[in-house]
There are 2 protein chains.
Amino acid sequence: MKKQIVEILRKNQLSITDGRKKILELFLESDSALAHHDIEEKIQEKFDRVTVYRTLQAFMDKGIIHTIPTADNSIKYALCKDDCEQGHHHDDHIHFVCKQCGQTICLDEVHVPSVRLPQGYHADQVEVVVSGLCKECN
Amino acid sequence: MKKQIVEILRKNQLSITDGRKKILELFLESDSALAHHDIEEKIQEKFDRVTVYRTLQAFMDKGIIHTIPTADNSIKYALCKDDCEQGHHHDDHIHFVCKQCGQTICLDEVHVPSVRLPQGYHADQVEVVVSGLCKECN
DNA sequence: AAAAAAATGCAACTTTGTTGCAAAGATACC
DNA sequence: GGTATCTTTGCAACAAAGTTGCATTTTTTT
C-alpha cells in the first residue's frame, strides 16, 4: 500500500510529502467520494486547510482524482482510473449518490449512455449522477 | 407576464412580495439557469442577500425551481416544468453547460436516457449534465 | 381598518476558499 | 552523507458564501 502510494506520486512527478501520502491513502482506502470537509475530518494529524486545498488541486491537475458534480454546493472528489493522464480526464463512468447514507460512489462498470443533442450543440463531456438507494441501504 | 408571476406565487401559496415577484420574473425572462450570484447582479433594486437565499429556498420547497448539479461548487437554479409539485421534483430533462459562454440551459426536449444499474441499487433520479458548445458558440 | 401572520433587512457569525510570504521539508548534485 | 536548490507547508490576513435571531415592515385575513 505504502509502496503504491509513493509510486503514484512519483509517476506524476509530485514530491513525496506526508500530506500527499496521507490524503492519497485516504482516497485509496475509501470506496466512496470525499469532499474537502470529509478529508479534514478523517485525517488524524492536522494539516492546514490550505494544504488540503492545494493537495487536491495538485491531484486534479495531474489526473489522479476527478470531481463529481453535486446539486448541494459541495465538491466531491474520487480517484481516477489508471488511464487518466495529466490534464486529460476521461472517466466515462456514472456516479451514484445514496439518499440514505449519503455516500457518493463511482460505478466504474456502468458507462455513460450516449445522448442525442439538438442541432447545433456539440458535446464534450457527459456527466451522469444517479441518486437513490445503494446496495447496503436497499 | 405580471399576471403569470402573481398566478404562480398564488398557486404555490406564497405571499406576493416585491422580492419574490422580481426574482421569479428573472427566471421567466432568462432562458439559462441562474446562480445566487447572478440574481443579485441582475436585480437593479437591491434586496438583502438573506432575502435572496430565502426566496430561492422557498421556490425550491414549492417546486417552482430546481437545482442543477455542477462540478464547480456553484448551485444553479432553473424553472421547473409545470408538473413539478411541492416537494416532488420530476424534471427528466438533461442540462447543458457551454464551455465558451458559461451558460447553463435546460434541454427540455432531450429526455434522460435510462441507466442500467448493478444488482442491488435502486435509482430514484437521474441527472445528466452535458458540457460542450452551445448553439450560439458552435 | 385593525389584528394576525409572514417576509424583510440588519447585525453578527460560521464556513469555505484564496493569496503572499517566511520557515520547513524534499530533491538533486557533488 | 552533506549541502545547495527548489518545492511544499503553515500562518496570517483576507474575501466570498451562507446561516441565524430578532426587530421592523409588509402582506394577508377578518
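This text follows the structure it describes.
Quantities reported herein were computed from a predicted structural model and do not represent experimental measurements.

Caption draft 1: Broad picture of the protein's contact with DNA strand C. Contacts to DNA strand C come from 17 residues, most closely from Arg-49 and Tyr-53 of chain A together with Thr-51, Arg-54 and Asn-73 of chain B. Sugar and phosphate atoms represent 63% of those atoms of DNA strand C found within 4 Å of the protein. Thr-17 of chain B is positioned with one of its side-chain polar atoms (N or O) 2.9 Å from a phosphate oxygen of DNA strand C. Only α4 (49-62) of chain A together with α4 (49-62) of chain B provide two or more residues apiece to the surface near DNA strand C. The element contributing the most residues to the surface near DNA strand C is α4 of chain A, with 4 residues. Partitioned by chemical class, the residues of the surface near DNA strand C number 5 nonpolar, 7 polar and 5 charged.

Caption draft 2: Focus on the relation of the copies chain B and chain A. Of the transformation superimposing chain B on chain A, the axial component is 0.0 Å and the angular component is 179°, with the fit at an RMSD of 0.2 Å. The transformation relating the two chain copies, once decomposed into turn and shift, fits a two-fold axis. Counting the interface residues of chain B, we find that 100% of their copies in chain A are interface residues as well, pointing to one common contact surface.

The rules behind each value
Every chain's residues receive numbers from 1 upward, in the order its sequence appears when written. Throughout, the order in which chains and ligands are written sets their labels, letters from A for the former and numbers from 1 for the latter. Totals for whole chains, interfaces and linings use every residue, but because this is a predicted model, local features are given only for residues with pLDDT of at least 70 and side-chain atom pairs only at 80 or more, for both listing and counting. Processing note: side-chain calculations cover all non-hydrogen atoms of the structure and skip hydrogens and water entirely. We define proximity as follows: a residue is near a molecule or strand when any one of its heavy atoms falls within 4 Å of that partner. Nitrogen and oxygen atoms within 3.5 Å of one another constitute a polar contact, given that in protein one can donate a hydrogen and the other can accept it, and given that sequence-neighbouring residues count only through two side-chain atoms. Only DSSP runs of H or I reaching four residues or more are called helices, and only runs of E reaching two or more are called strands; each is numbered from the N terminus. For this classification, Asp, Glu, Lys and Arg are treated as charged, while Ala, Val, Leu, Ile, Met, Phe, Trp, Tyr, Cys and Pro are nonpolar and the rest, including Gly, are polar. For the least-squares superposition of copies, only C-alpha atoms count, and only for residues with pLDDT at least 70 in both. Residues are treated as being in contact if the distance between any of their heavy atoms lies within 4.5 Å.

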